[in-house]
Amino acid sequence: MIDSPLTSLIQCTYIRSDLVYRISLLGEFFDFIFFTDRGPFVKKDMVDHFANQRKETPQDIDFLKDLPQSFIEIFKRDSFRKVLDKMSEELQHLPTLSITAPVELPTEQMGTIGKWARESIDPNVVLDISIDETISVGCRFVWKDILYDFSLEHYFGSHEKELYTRLTPSTPLVGHT
Amino acid sequence: MMTLLAVFLFLIFGFFVLVAVIIRLNVRLRYITYPVYDQIVKKAQSKANDIINDAQTHAQSIRISAQETAEKIISDRKDENEKFREEYTKHFEEIVAHGKDVLTNQSAELTKLSQKMVDEFKEQSIAANVLVHKKSELISNTLSEESEQIKQSFAEMNIRTAKEQCILIEEIKKNVSEEIAKEISIARDAITAYKKERFNLLDREIVELVKETARIALNKTLSLREHRDQILIALKEAKQNGIFDK
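The shown structure was predicted, so the numbers you read here are calculated from the model rather than taken from an experiment.

Asks: Looking at this structure, how should I read the overall build of chain A?
Replies: When helices and strands are counted, chain A shows 9 helices and 4 strands. Scanning chain A from its N terminus toward the C terminus, one meets helices and strands in the order α-α-α-α-α-α-β-α-β-β-β-α-α. Buried positions account for 44% of the 177 residues belonging to chain A. Counting only contacts in chain A whose residues sit at least 6 apart along the sequence, the fraction spanning at least 24 positions is 63%. Accessible surface, chain A: about 10,000 Å² in total, of which carbon and sulfur atoms supply 52%.

Asks: What is the right way to look at the confidence of the model for chain A in this model?
Replies: Parts of the prediction with low pLDDT should not have their coordinates interpreted in detail. Chain-level statistics for chain A give a pLDDT mean of 84 and a share of 89% at 70 or above. Note on residues 171-177 of chain A: pLDDT under 50 across the span, and 5 contacts to partners over four residues away in sequence or across chains.

Asks: Honestly, the pairing of strand β3 (residues 138-143) of chain A in this entry has me stumped. Any pointers?
Replies: The two faces of a sheet get side chains in turn, since along a regular strand they alternate between them. Residue and element names in this part refer to chain A. One ladder, built from 4 bridges, connects strand β1 (residues 96-101) with β3; its direction is antiparallel. Residue L97 lies in a different strand from β3, and its bridge partner there is W143. Pairing of β3 with strand β4 (residues 146-151) involves 6 bridges; the strand directions are antiparallel. Bridge pairing in β4 places W143 opposite I146. Taking the residues that link successive antiparallel strands as the turn, the β3-β4 hairpin has 2 residues, and the phi of K144 there is positive, at about 55°.

Asks: Explain the packing of helix α2 (residues 16-34) of chain A against helix α3 (residues 46-54) of chain A to me, please; I cannot follow it from the model alone.
Replies: The relative placement of two packed helices comes down to the angle between their axes together with the axis-to-axis distance. Residue and element names in this part refer to chain A. The N-to-C vectors of α2 and α3 enclose an angle of 100°; their axes lie 10 Å apart at closest approach. Put simply, α2 runs roughly perpendicular to α3. Contact residues: α2 offers L25, E28, F29, F32 and I33, while α3 offers M46, V47, H49, F50, Q53 and R54. The residue inventory of the contact of α2 with α3, partitioned by class, reads 7 nonpolar, 2 polar and 2 charged.

Criteria and cut-off values
- Position numbers for residues start from 1 in each chain and track the written sequence from start to end.
- Just so you know, chain letters begin at A and ligand numbers begin at 1, following the order they were written in.
- Two thresholds apply to this predicted model, a pLDDT of at least 70 for residue-level local features and 80 or more for giving and counting side-chain atom pairs, whereas whole-chain, interface and lining totals are computed over all residues.
- Based on all heavy atoms of the structure, the side-chain values leave hydrogens and waters out of the count.
- Helix numbering and strand numbering both begin at the N terminus, where a helix is a DSSP run of H or I of at least 4 residues and a strand a DSSP run of E of at least 2.
- Throughout this description, buried means an accessible area under 20% of the type-specific maximum (1.4 Å probe, protein chains only), exposed means over 50%, and partly exposed covers the range between.
- In what follows, residue pairs with any heavy atoms lying within 4.5 Å of each other are defined as contacts.
- Under the convention used here, a 1.4 Å probe and the Shrake-Rupley method define accessible areas, while residue burial counts only the protein chains that appear.
- Known as pLDDT, the predictor's per-residue confidence is scaled from 0 to 100.
- Strands are labelled as partners when DSSP assigns at least two bridges between them.
- Each axis is a line fitted through C-alpha atoms, taken for helices only over the stretch in contact, and angles between the N-to-C directions span 0 to 180 degrees.
- The cut-offs work like this: below 35 degrees is roughly parallel, past 145 is roughly antiparallel, 65 to 115 is roughly perpendicular, and the gaps in between are oblique.
- Classification used: nonpolar for Ala, Val, Leu, Ile, Met, Phe, Trp, Tyr, Cys and Pro, charged for Asp, Glu, Lys and Arg, polar for all others including Gly.

What follows is the structure in C-alpha cells.
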C-alpha cells in the first residue's frame, strides 16, 4: 500500500467509520470542484468555497484544509472516482481491531488509542468501535476473528478467590458460625 | 288457366258453404238431441230408484227374519242355562253333604290319633326331662371343675402376659428412644447442611451484589479519560500476553 492515497488518509484517521465518511466527503468535495466550473485542478483555497456552499462542520473543514497538496493533486476530473473506489476497496483489506467500549469516547481519546495501536500492533491498523455499557470498565476486542475479554468481568474472574476471601469471612452476618 | 282459376274459386266457395252447413247442422243436432238425452237420463234415474227401493225392501225383510231367529236362539239358550244351573246347584249340594260326612268321620279319627300321639309325647318328654336333668347335673359338675381349671390357667397366663408385656414395653421404649435419637441426629445434620448451603448462597449473593455495585459505580464515576486509560491498560496487557503477535 505504499504510495496509495489511502496511506495519507489513514495517517490522520484511526477509525474505520471516519475513514469511510472522509472518503465520501472527498467524493463530494471533488464533485463540487470539478463539476461547478472551477477548472480541472483542485487548489486548497477551493475548500473555503466548498465549505461556504455546503455548510460543513469545522472538523470536516479542518480535515480538508489539512490535506497535503500532493494528496489533492492525485485526483483528476476523469479519474477521481476510480481513485476513491480503489481507496474504499483497499480499506476493506486493512487490519482491523474491533473494540467494544463501555462508553462513547470523543475523537481525541480514540485518537490516543489509535496512535498506540499503530505504534504497537500494526502501522496500518484501523479501529472499529462499538459501545456496550455492560462492560463497565476496560474493553472487549476482536483481533483476527478471536474475541478477547478485558472487561470488568474478566478482572472479577481473574481475582475471584481473592474477592470471595475478602468479602465473605469478614462480612458480619447474624447467626453465622 | 282461366278454367283452373274458376274451378279453384268454386272449390273454395264450396268449402266455405260446407263448413257453414256443418256448423248449422251441429247446432240443430244439439238442439234436437238434448231432449232425447234428457229423457234417457230420466229413465235411467227412475230405474235406479226402483232398484234401490226393491233392495231396501228386501233388506228390511232379511233383517226382520234375522231378528226373529236371534230372539229364538237367545230364549233357547236362556232355558238351557236355567236348567244347567239347577242341576249344578243340586250336584254341588250333594257333594258338600258327602264332603261333610267324610270330614266328620276323618276328624273323629284324627282326634283319636292325635290324642294318642300327645300321650306318647308326654311320656317321652317326661323321660327326656329326667335324662336331661341327669345330664345337666353331670355337665354342671364337669363345668365347674373345668372353669376352676380355666381360671387357674388364666391366672397363670395373666401373670406370664404381664411379665412379657413389661419386657416388650421396655424393648419398645429402647427402640423408640434409639430411633428418636437417630432422627434427631439426622435432622441436626440436615439443618447444619442447610445452614451451610444457605450461608454459601448468601456469600455468593453478597459477592454478586458487590460486583454489580462496582459495575454501576465504576461506569458512572469514571471520567472519559479514565475509561480511555483503562482501555489502553487492557490493550497493553493483551500485548504483553502476546495476543497481537499471533
